[in-house]
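A look at the structure
Now for the letters of each chain:
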Amino acid sequence: MQVDNFKIFVDLVETQSFSRAAELNGITQAAVSQMVRAMERHFNTLLLDRSRKQFQLSREGMRVYDAARKVLHQYEKLLSELLEMKKVISGTIRVSTIYSIGLYELPPYIKKFQHDYPSVNVRVEYRRSNLVYEDILYNSADFGLVAFPEKVRQIEITPFRNDQLVLITPPGHPLSRSSHVEVTALSGQKFIGLEPESPTRKAIDRILRENKIKTEPVMNFDNVETVKRAVEIEAGVSIVPLVAVLQEVKQGSLVAVHFRGRKFPRPLAILHRKGRVLMPAMRKFIETLRTDLSIDPKN
């Protein structure tokens with residue numbers, strides 16, 4: 001029985017999907033089915049309850065799953081210890097991130113990490129927030145980066161940065177005449193928003209609701225880039241992370257306006273699966289993300 005078989009079986013159980021387990025391991029769905037049958041022959045017992053339409057383990061299958069997780073944990077721990085002994089920092093790190101962090105916050109950290117550890121390959125995938133959590137739970141990614149992190153039992157949350165939410169307007173807009181405005185100045189304004197399920201959108205809705213502000217919704221988009229373009233053509237105003245508009249503010253195509261006497265932080269966090277063995281390269285990656293770097297809009 002090979003370690004790879006245990007990993008495929010664990011992925012199958014945790015995703016409850018033959019196609020997803022195949023995708024995670026770079027094999028075909030038929031190969032996953034063959035692996036399960038090979039394990040059943042090896043252990044001379046049924047691992048899956050095929051009498052039910054929904055995916056379900058047999059009692060023996062649950063026992064094999066528990067043992068397989070322990071074997072994989074010990075195997076990964078051994079690999080980590082051997083790499084540590086050799087002082088080797090190499091491998092591939094898979095990062096799943098929401099667009100705004102990947103585009104504006106992450107680049108200087110990736111640049112520093114790749115300078116310090118050139119033997120490590122960092123693969124970044126841009127995802128919606130809910131899919132970042134899914135990637136971590138299903139081990140599709142080693143680390144996730146999200147805003148306004150939500151507590152999930154199987155996910156470890158490590159603080160990354162604190163960004164700030166600001167009002168953005170096109171140049172010449174009445175609200176752009178001052179560097180600071182009252183939150184209530186947003187009342188009645190044409191407003192460009194993010195999609196309703198976005199954690200940042202939910203935080204903005206909470207700000208407006210708590211201050212009893214009613215805006216005039218114009219349109220919603222699934223990323224900050226499109227929101228910025230809509231504000232630039234004077235379709236309305238919006239609230240976005242400050243770091244996302246540094247370049248446009250410098251170029252003069254947008255104006256960032258702070259809220260008088262109020263700060264609205266946007267906490268960012270690093271996610272990884274609880275109990276997972278972190279290889280030396282992964283630990284170094286977290287150390288780099290926790291380093292205090294200034295965000296340069298030119299990077």
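In this report, we go over the structure that sits alongside the text. (Residues numbered from 1 in each chain as written. Predicted model: local features only at pLDDT ≥ 70, side-chain atom pairs only at ≥ 80, totals over all residues. Heavy atoms only, no water.)

Quick look at the pattern of salt bridges
Counted according to the given criterion, the structure contains 21 salt bridges. Among the salt bridges present, the one from Asp 11 reaches Lys 7, with a minimum N-O distance of 2.7 Å. Of this pair, Asp 11 and Lys 7 both sit in helix α1 (residues 3-15), 4 residues apart, which is roughly one turn of that helix. Residue Asp 11 is classed as buried on the basis of its relative accessible area, which comes to 4%. Put simply, Glu 197 and Lys 202 hold a salt bridge, and the shortest N to O gap is 3.9 Å. (Salt bridge = Lys/Arg side-chain N within 4 Å of Asp/Glu carboxyl O. Helix = DSSP H or I, 4+ residues; strand = E, 2+ residues; numbered from the N terminus. Buried < 20%, exposed > 50% of the residue type's maximum accessible area, 1.4 Å probe, protein only.)

Comments concerning helix α3 (residues 29-43)
Counted at 1.5 Å a residue, the expected span for α3 with its 15 residues is 21 Å, and the 22 Å between its end C-alpha atoms agrees. Inspection of α3 places Val 32, Met 35, Val 36, Met 39 and Glu 40 among the buried residues, and these make up the whole buried set. All buried residues of α3 fall inside an arc of 135° around its axis, so they share one side. Facing away from the buried surface of α3 by more than 90 degrees, the exposed residues are Gln 34 and Arg 41. (Expected span 1.5 Å × (residues − 1). Arc of directions from axis to C-beta.)

Considerations on the layout of surface pockets
Its volume calculated, the largest pocket comes out at about 870 Å³. Residue lining of the largest pocket: 30 residues in total, with Lys 7, Glu 76, Arg 94, Arg 276 and Val 277 positioned closest to the centre. Going through the elements one at a time, α1, α4 (59-86), β1 (91-97) and α11 (280-289) are the ones with two or more residues in the lining of the largest pocket. One number sums up the size of the second largest pocket: a volume of about 360 Å³. Lining the second largest pocket are 20 residues, with Arg 128, Ser 129, Glu 195, Ser 198 and Pro 199 sitting closest to its centre. Taken together, the elements giving at least two residues each to the lining of the second largest pocket come down to α5 (99-105), α7 (129-137) and α8 (199-210). No other element matches α7, which puts 3 residues into the lining of the second largest pocket. The class makeup of the residues in the lining of the second largest pocket is 7 nonpolar, 6 polar and 7 charged. (1 Å grid on protein atoms, 1.4 Å probe; cavity = no way out; pocket = protein on both sides within 12 Å on 5 of 7 lines; lining within 4 Å. Points joined across faces, edges and corners; volume = space filled by probe spheres on them. Nonpolar A, V, L, I, M, F, W, Y, C, P; charged D, E, K, R; others polar.)

Details of the packing of aromatic side chains
In total, this model carries 6 aromatic pairs according to the counting rule given. Ring geometry for Phe 113 against Tyr 117: centres 5.2 Å apart, planes inclined by 45°, an arrangement best described as tilted. Both residues of the pair, Phe 113 and Tyr 117, belong to the buried class. Each ring, one from Phe 113 and one from Phe 285, has its centre 5.1 Å from the other, and the planes form 85°; the classification is edge-to-face. A residue pair is termed long-range when its members are at least 10 positions apart, and Phe 113 in helix α6 (residues 107-116) and Phe 285 in helix α11 qualify at 172 residues. Each member of the pair, Phe 113 as well as Phe 285, carries the same accessibility label: buried. Here the aromatic cluster, defined as three or more aromatic residues joined through ring pairs, consists of Phe 113, Tyr 117, Phe 143 and Phe 285. (Phe/Tyr/Trp six-rings, centres within 6.5 Å; stacked < 30°, edge-to-face > 60°.)

Comments concerning the side chain of Arg 273
On the secondary structure map, Arg 273 appears in strand β10 (residues 265-273). Among the polar contacts made by the side chain of Arg 273, one reaches the side chain of Glu 14 at a distance of 2.8 Å. Setting aside its immediate chain neighbours within four residues, Arg 273 contacts Glu 14, Ile 136, Leu 137, Asn 139 and Gln 154. (Polar contact = N/O pair within 3.5 Å; in protein donor to acceptor, adjacent residues only side chain to side chain. Contact = heavy atoms within 4.5 Å.)

So, the environment of Thr 28
Position of Thr 28 relative to the elements: it lies in the loop between α2 (18-25) and α3. With relative accessibility at 48%, the residue Thr 28 sits in the partly exposed group. C-alpha separation for the pair Thr 28 and Phe 18, spaced 10 residues apart in sequence, amounts to 8.9 Å. At a separation of 3.0 Å, a polar atom in the side chain of Thr 28 contacts the main-chain amide nitrogen of Ala 31.

A word on the side chain of Glu 248
By secondary structure assignment, the location of Glu 248 is in helix α10 (residues 246-251). Not counting residues within four places of it along the chain, the set of residues in contact with Glu 248 comprises Lys 228, Arg 229, Glu 232, Ser 253 and Leu 254.

Topic: the environment of Gly 91
Mapped onto the fold, Gly 91 is located in strand β1. Distance from Gly 91 to Ser 119, taken between C-alpha atoms, is 6.9 Å for residues 28 residues apart in sequence. Every residue in contact with Gly 91, bar those within four places of it in the chain, is listed here: Ser 119, Val 120 and Asn 121.

Purely spatial values, then, with no claim about function.
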